Structure formats: C-alpha cells, structure tokens
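Each chain, written out:
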Amino acid sequence: MMQHEMPRQAHVPVFLDRVIQLLTPALRHESAVCVDATLGAGGHTEALLTSLPHLTVVGIDRDRYALELAQRRLEPFGSRFIPAHAVYDEIGEVLADLDITAVSGVLFDLGVSSMQLDIAERGFAYAQDGPLDMRMDQSRDFTAYDVVNTYAQKDLERILKRYGEERFANRIARRILSDREKAPISTSRQLADLVKESVPAATRRTGGNPAKRTFQALRIEVNRELDVLERALPAARNVMAPHGRIVVLSYHSLEDRIVKRDFAESSTSSSPPGLPMDLPGTEPTTRLVTKGAQPPDAEEIEENPRAASAKLRAIEKLPDHNRHS
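The model shown is predicted, which means the values in this text are computed figures rather than measured ones.

Novice: Give me the overall build of the protein: which residues, what numbers.
Specialist: Of regular secondary structure, the protein possesses 14 helices and 7 strands. Partitioning the intrachain contacts of the protein with sequence separation of at least 6 by distance along the chain shows that 70% fall at a separation of at least 24.

Novice: So what's going on with the packing of aromatic side chains? Residues and values would help.
Specialist: This structure, assessed with the given rule, holds 2 aromatic pairs. Geometrically, the ring pair formed by Tyr88 and Phe108 is edge-to-face, given 5.8 Å between the ring centres and 65° between the ring planes. Placement of the pair is Tyr88 in the loop between strand 3 (81-85) and helix 4 (91-97) and Phe108 in strand 4 (residues 103-109), with a sequence separation of 20 residues. Of the two residues examined, Tyr88 and Phe108, each falls in the buried class.

Novice: Describe the packing of helix 12 (residues 225-238) against helix 13 (residues 253-266), with residues and values.
Specialist: Contact geometry for helix 12 and helix 13: axes closest at 10 Å, N-to-C directions at 25°. Between helix 12 and helix 13, the interaxial angle falls into the category roughly parallel. For helix 12 against helix 13, the interelement crossing comes out right-handed. Together, Glu225, Leu226, Leu229, Glu230, Leu233, Pro234 and Arg237 of helix 12 and Leu254, Glu255, Ile258, Val259, Arg261, Asp262, Phe263 and Ser266 of helix 13 make up the contact between the two elements. Residue composition of the contact of helix 12 with helix 13, by class: 8 nonpolar, 1 polar and 6 charged.

Novice: Could you give me a rundown of the side chain of Asp61, with the residues and numbers involved?
Specialist: Position of Asp61 relative to the elements: it lies in strand 2 (residues 56-61). Among buried charged residues, Asp61 stands out as having no salt bridge; its nearest opposite-charge side chain is Arg62, 6.2 Å away. Those residues in contact with Asp61, other than ones at most four positions away along the chain, are Thr38, Leu39, Gly40, Ala66, Leu67, Ala84, His85 and Ala86.

Novice: Which residues make up the environment of Val58, and what values do they have?
Specialist: Looking at where Val58 falls in the secondary structure, it is placed in strand 2. Taking C-alpha positions, Val58 is 8.9 Å from Val94, a pair spaced 36 residues apart along the chain. Not counting the four nearest positions on each side in its chain, Val58 is found in contact with Val33, Cys34, Val35, Asp36, Ile82, Val94, Leu95, Leu98 and Ile100.

Novice: Account for the pairing of strand 2, with residues named and values stated.
Specialist: Burial within strand 2 is extensive, with 5 of its 6 residues counted as buried. Relative to strand 2, strand 1 (residues 33-36) runs parallel, the two sharing 4 bridges. Pairing of Val35 across the sheet is with Val58, part of strand 2. Handedness of the strand 1-helix 2 (residues 43-51)-strand 2 crossover: right-handed.

Novice: With reference to specific residues and values, describe unusual backbone geometry.
Specialist: Of note in the backbone geometry, Arg224 takes a positive phi value of approximately 50° without being a glycine. You can see Arg224 is positioned in the loop between helix 11 (212-223) and helix 12. The exposure class assigned to Arg224 is partly exposed, which follows from its relative accessible area of 36%. A positive phi angle, near 70°, is found at His243, a position not held by glycine. Relative to the helices and strands, His243 resides in strand 5 (residues 240-250).

Novice: With reference to specific residues and values, describe helix 13.
Specialist: Side chains that are three or four residues apart share a direction in an α-helix, a result of its 3.6 residues per turn. With 14 residues, helix 13 extends 20 Å from end C-alpha to end C-alpha; this agrees with the ideal 20 Å at 1.5 Å per step. Taken as a whole, helix 13 has its buried residues at Leu254, Glu255, Asp256, Ile258, Val259, Asp262, Phe263 and Ser266. Here the buried face of helix 13 lies against helix 7 (153-164), helix 11, helix 12, strand 5, strand 6 (286-288) and strand 7 (311-317).

Novice: Explain the pattern of salt bridges to me, and be specific about the residues and the numbers.
Specialist: The tally for this structure, following the rule as stated, stands at 19 salt bridges. One salt-bridge network, in which partners are shared between bridges, spans Lys154, Asp155 and Arg158.

Novice: An account of the sheet that holds strand 6 is requested, with residue identities and associated values reported.
Specialist: Paired through their backbone hydrogen bonds, the strands of a sheet run either parallel or antiparallel. Ordered in space as 3-2-1-4-5-7-6, the 7 strands form an open sheet in which the pairing is mixed. The open sheet terminates on both sides in strands that have one partner only, identified here as strand 3 and strand 6. Neighbour-to-neighbour, the strand axes of the sheet open up by a mean angle of 20°, direction not taken into account. Strands in contact with helix 1 (residues 16-27) are strand 1, strand 4, strand 5 and strand 7; relative to strand 5, the strand with the most contacts, it is inclined by about 170°. Docked against the sheet, helix 3 (residues 64-74) engages strand 2 and strand 3, running at close to 170° with respect to strand 3.

Novice: Can you lay out the nonpolar core for me, pointing to particular residues and giving the numbers?
Specialist: Val35, Val103, Val106, Phe108, Leu191 and Ile246 are the most contacted members of the largest nonpolar core, which has 61 residues in total. Excluding residues within four positions of it along the chain, Phe108 makes contact with Ala37, Thr38, Tyr88, Ala232, Leu233, Ala236, Ile246, Val247, Val248 and Leu249. The next biggest cluster of nonpolar side chains, apart from the first, holds 29 residues, and it includes Leu23, Leu27, Leu48 and Leu55.

Novice: Requested: an account of the environment of Leu132, with residues and values cited.
Specialist: Topologically, Leu132 is positioned in the loop between helix 5 (114-118) and helix 6 (144-150). Using a relative accessible area of 3% as the deciding quantity, one classes Leu132 as buried. For the pair Leu132 and Arg189, spaced 57 residues apart in sequence, the C-alpha separation works out to 9.0 Å. Apart from the residues lying within four places of it in its own chain, the contact partners of Leu132 are Thr143, Ala144, Tyr145, Val148, Ile185, Ser186, Thr187, Ser188 and Leu191.

The rules behind each value
Residues numbered from 1 in each chain as written. Predicted model: local features only at pLDDT ≥ 70, side-chain atom pairs only at ≥ 80, totals over all residues. Heavy atoms only, no water. Helix = DSSP H or I, 4+ residues; strand = E, 2+ residues; numbered from the N terminus. Contact = heavy atoms within 4.5 Å. Phe/Tyr/Trp six-rings, centres within 6.5 Å; stacked < 30°, edge-to-face > 60°. Buried < 20%, exposed > 50% of the residue type's maximum accessible area, 1.4 Å probe, protein only. Axes fitted to C-alpha atoms, helices over the stretch in contact; angles between N-to-C directions. Parallel < 35°, antiparallel > 145°, perpendicular 65-115°, else oblique. Left-handed = near helix turned anticlockwise from the far one by under 90°. Nonpolar A, V, L, I, M, F, W, Y, C, P; charged D, E, K, R; others polar. Lys, Arg positive; Asp, Glu negative; His and termini not counted. Salt bridge = Lys/Arg side-chain N within 4 Å of Asp/Glu carboxyl O. Pairing = 2+ DSSP bridges. Right-handed = clockwise from strand over helix to strand, strands pointing away. Expected span 1.5 Å × (residues − 1). Core = buried A, V, L, I, M, F, W, Y, C linked by side-chain atoms within 4.5 Å.

Function-wise, these values are silent; they only describe arrangement.
What follows is the structure, encoded as structure tokens:
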C-alpha cells in the first residue's frame, strides 16, 4: 500500500457537537456499542469514546490508510475501539464476525474524507495534480482512469448527468473521447483542464471550479457510493437495538435524497389509510429524531468550510412493544 505521512493537524469533524448530542441518549447504558461506519480520521469516534467512558465503538472504513491513522489516534482507548476494514454496507457481516448481535448507535459521515482530498496522489482533488485514481479502497483494481479511458460516450454522459448533475455532460464526454484517442487521460490536472475547456466561458466565471461535478460523478462511480448507501441504511436498521439511533451526514442532494426516502419509509406506516390501527407488519419501525435535513450554522461553516454542504438526519428504532402486534 502507498505510504503517506501523518497529516500535520487533525481535521475538524463535521457537526461534531450535534452528532454527540443526538447519539448520546442511545449510548448511555453500560454495555453500549456504536458503529462509526465511515471512520475516516476517527474524530467523531474519539469524541464519543471521550464523552462516554463505558462505550465501545466499532470503526469501519474501506480505506486502509484511514484505518491505520485512526488506530494510532484511538490507541489510548484500548479495546473500547475495534477497527474493521470493510465497506459500510457490510455492517451486518462485520458485527457478526465480532459476535455482536445488536448496537445502540450508527454514524454515517458520507462522501470523500478530508484526508483523501488532501493527498494529491489519491486523485480525488481537482485543485491538485495526481494520478486519476479516486479509489477509497486501494486494494480494489478499478479506478477513475478506467472510467475516463474505457467508458463509451453514452456511459460517460450518463454518470456525469446522474452522479454529477452536470448539464454539460454531452460536451465533456465528447471532449474526453476526443482527447483520449490521442493519448490516455491519466492525471487529475489533465481532466480538470479538459472539463474547464469543455464548458462555456460564462459558466467558468461563476459557481466555483467547473470540474467539481465531474470529479464527484467519477468518485461515486468508482466507489459505487449510492448503491452502497442504499444497502447500508436498511443493514444498519437490521442491527439496531430498540431505542438505538442512526445519524447520517450527507454532502450532496443525491445522498440526502436516498437518506430522506429511506428514513421516511421506515418511520411511516404502510397500512392503507383510514384503518383504525396498523395492519401487522406495516407499522413504522423508526421515528424521526430530526425534522427534515439540518444544515450547519454559520459558526460551523466559518470554523470548517467543508461543512458548508452538509445535511444531517437522524432516526430512532422503535421498540416492538410500542407497535401493534
């Protein structure tokens, strides 16, 4: 695995105080276990372990480099922190391997981590030059280079539109095909310049770097992020003890839409309207803890600019005896 230096300063976790506030009511009991399903640098986990001295946290990450750094950071907590190299939709398998039957909290902090963005050779950042990689799990073979240099034009257009919500998908896809006929597109700088030259000049002057949406789309495609999220949310509910809570931080509308739909379905009865009581098996299994998606406040954005696009949602698992049988 590629070796990197430890970052000089720890990154500020997004919504740190709010995450602790939302999870704590579910984690106060002595045998509480929480899953940080997207461990990253371990900032949220460190705060949870510090504020709740009886808590055990299982930290999942697909990025071995992130796991290595987090393990070093969390070493003072000893056996209260359990690392696991996995993708977050594998939460059920991870817990089964640890003989843990139920947990009281799950945190998903979605998207690319600050560490991944800050390391040029990971290829996530359009503002730095590095190889077109974008793998969150570097043990996998499939990279952004493969997408850019092998996908048909219609497939490139599809992912740029769907995952990047890019209105100039056709122009960018055509330009990619044209350029790669001469030589492979192999670096983030090459791709960012190509995108910039593909969009109208007026567009370049507003809305930040025009490559942002393309890089987002490629990252989601390489790591199958939305597919993983759609599987991970029900998997988390399946391992949740009564009164347990799930907190999700998302960073773009595609992620938030999936979370919103999943939470709405699990917190709503599926019985036909007008019945005096829910039919067996149609009762809501969760309740919404947050009303809608909570954005960060101005103070948090000032302290941590990467929080600007974040949205927070939370649900709580309902106990069986509160539902009709």
